[in-house]
Amino acid sequence: VACGVPMIAYPFFWDQPGLAARSAELGLAVPLNPGAPSQSPITPAQVLAALDAVAVQKDTMLARLAAAQEWERQAIAGRPAIAQRILAIG
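Since we're looking at a predicted model, the values are computed, not measured.

What counts, and at which threshold
- Residues numbered from 1 in each chain as written.
- Predicted model: local features only at pLDDT ≥ 70, side-chain atom pairs only at ≥ 80, totals over all residues.
- Heavy atoms only, no water.
- Phe/Tyr/Trp six-rings, centres within 6.5 Å; stacked < 30°, edge-to-face > 60°.
- Buried < 20%, exposed > 50% of the residue type's maximum accessible area, 1.4 Å probe, protein only.
- Core = buried A, V, L, I, M, F, W, Y, C linked by side-chain atoms within 4.5 Å.
- Helix = DSSP H or I, 4+ residues; strand = E, 2+ residues; numbered from the N terminus.
- Contact = heavy atoms within 4.5 Å.
- Salt bridge = Lys/Arg side-chain N within 4 Å of Asp/Glu carboxyl O.

1. What about the packing of aromatic side chains?
By the definition in use, this model includes 1 aromatic pair. Their ring planes at 85° and their centres at 5.1 Å tell us that Tyr 10 and Phe 12 sit as a pair that is edge-to-face. Looking at Phe 12, the relative accessible area reads 41%, which means it is partly exposed.

Shown next as structure tokens:
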């Protein structure tokens, strides 16, 4: 996301399946093996299909990635104020 590159999601473990699903929902990534459990075997056809999906959705994905980068910039810009509010609680 930080580099603005469309992604192909292939989750392995822990929080990755949820993150991959959310990334796809937000238009930041396409799944490599949609609907399959984590670490499912993949085929060359699935890789080609995912690459094709990225190519078709590239403009939309780039716009969504730019929006996600802006969300992160806003979050970073707000951190000092949040830290001050936390310190004021104590």
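Back to the write-up after that little detour.
2. Digging into the nonpolar core
Within the largest apolar cluster, 5 residues are counted, these being Val 30, Leu 32, Ala 50, Val 54 and Met 61. With 3 residues, helix α2 (residues 44–89) is the single largest residue contributor to this core. Excluding its chain neighbours within four sequence positions, the residues that come into contact with Ala 50 are Ile 8, Val 30, Pro 31 and Leu 32.

3. Looking at the pattern of salt bridges
This model, assessed by the stated rule, comprises 3 salt bridges. A salt bridge links Glu 70 to Arg 73, with the nearest nitrogen and oxygen atoms 3.1 Å apart. Taken together, the residues Glu 70 and Arg 73, both in helix α2 and 3 residues apart, mark about one turn of the helix. Given the relative accessible area of 48%, Arg 73 is considered partly exposed. Across the pair Arg 79 and Glu 72 runs a salt bridge, and its minimum N-O distance is 3.5 Å.

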